[in-house]
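A closer look at the structure
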Amino acid sequence: MAIRLVALTSLNPGMQDKLDEYMNVVGKLMSAADAEIVERYELQADIVGDGEFQFVTIVDYPDQAAVDSVFKSAEYLALSDVKESAFSCYQIYTIAKQA
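Residues numbered from 1 in each chain as written. Predicted model: local features only at pLDDT ≥ 70, side-chain atom pairs only at ≥ 80, totals over all residues. Heavy atoms only, no water.

Let us now look at the side chain of T57. Structurally, T57 can be placed in strand 3 (residues 55-61). Here R40 takes part through its side chain, which lies 3.4 Å from a polar atom of the side chain of T57. Here T57 is in contact with L5, V6, A7, I37, E39 and R40, once residues within four sequence places are set aside. (Helix = DSSP H or I, 4+ residues; strand = E, 2+ residues; numbered from the N terminus. Polar contact = N/O pair within 3.5 Å; in protein donor to acceptor, adjacent residues only side chain to side chain. Contact = heavy atoms within 4.5 Å.)

Next comes the structure, spelled out in structure tokens:
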């Protein structure tokens, strides 16, 4: 069964090299997992909230095994320090469409 994720992120200024390192590793993992970025948005104006996030990214994975192959991989887990440097906020959720 297909799995849809939403990533809520904000970048740390001046850390483009860390972001590039993160994206290089995660991009390869996502490609191997047949994951597809469906849409990516830059958040504009806060209506309610504290402006914690800059971006919303929606990603489709073919199944739970594909999700696990990215987020439970040794390569992804080894990115902990890189991720912390690149992102000020980083949260990922599975989402489901409501009927």
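Our next topic: the sheet that holds strand 2 (residues 36-42). Strand order in this open sheet of four strands is 2-3-1-4, and the pairing throughout is antiparallel. Both edges of this open sheet fall to strand 2 and strand 4 (87-95), since each of them pairs with a single strand only. Averaged over all pairs of adjacent strands, the angle between their axes in this sheet comes to 15°, without regard to strand direction. Across the sheet, helix 1 (residues 16-32) touches strand 1 (3-11), strand 2, strand 3 and strand 4, and the angle it forms with strand 4 is around 20°. (Pairing = 2+ DSSP bridges. Axes fitted to C-alpha atoms, helices over the stretch in contact; angles between N-to-C directions.)

Let us look at the layout of surface pockets. To find leftover empty space, a probe the size of one water molecule is rolled over the atoms. Roughly 340 Å³ of volume is contained in the largest pocket. If you list the elements that add at least two residues to the lining of the largest pocket, you get strand 1, helix 1, strand 2, strand 3 and strand 4. A per-element tally of the lining of the largest pocket places helix 1 first, with five residues. Across the lining of the largest pocket, the residue classes tally to 15 nonpolar, two polar and one charged. (1 Å grid on protein atoms, 1.4 Å probe; cavity = no way out; pocket = protein on both sides within 12 Å on 5 of 7 lines; lining within 4 Å. Points joined across faces, edges and corners; volume = space filled by probe spheres on them. Nonpolar A, V, L, I, M, F, W, Y, C, P; charged D, E, K, R; others polar.)

Turning our attention to helix 2 (residues 64-71). If you check which residues of helix 2 are buried, you get A66, V67 and V70. Buried positions in helix 2, seen along its axis, are confined to an arc of 100° and lie on one side of it. For helix 2, the N-terminal cap is D63; the gap from its side-chain oxygen to the backbone nitrogen of A65 is 3.3 Å. (Buried < 20%, exposed > 50% of the residue type's maximum accessible area, 1.4 Å probe, protein only. Arc of directions from axis to C-beta.)

Glancing now at the nonpolar core. Nonpolar side chains in soluble globular proteins generally cluster together in the buried interior. Among the nonpolar cores identified, the biggest contains 19 residues, and Y22, V26, M30, Y61, Y76 and L79 are the most heavily contacted of them. Elements supplying a minimum of two residues to this core: strand 1, helix 1, strand 3, helix 2 and helix 4 (80-86). If one sorts the elements of this core by residue count, helix 1 sits on top with five residues. Beyond its immediate stretch of four places on either side in the chain, L79 contacts Y22, V25 and V26. Of all hydrophobic cores here, the second largest spans six residues; its members include L8, F53, V56 and I58. (Core = buried A, V, L, I, M, F, W, Y, C linked by side-chain atoms within 4.5 Å.)

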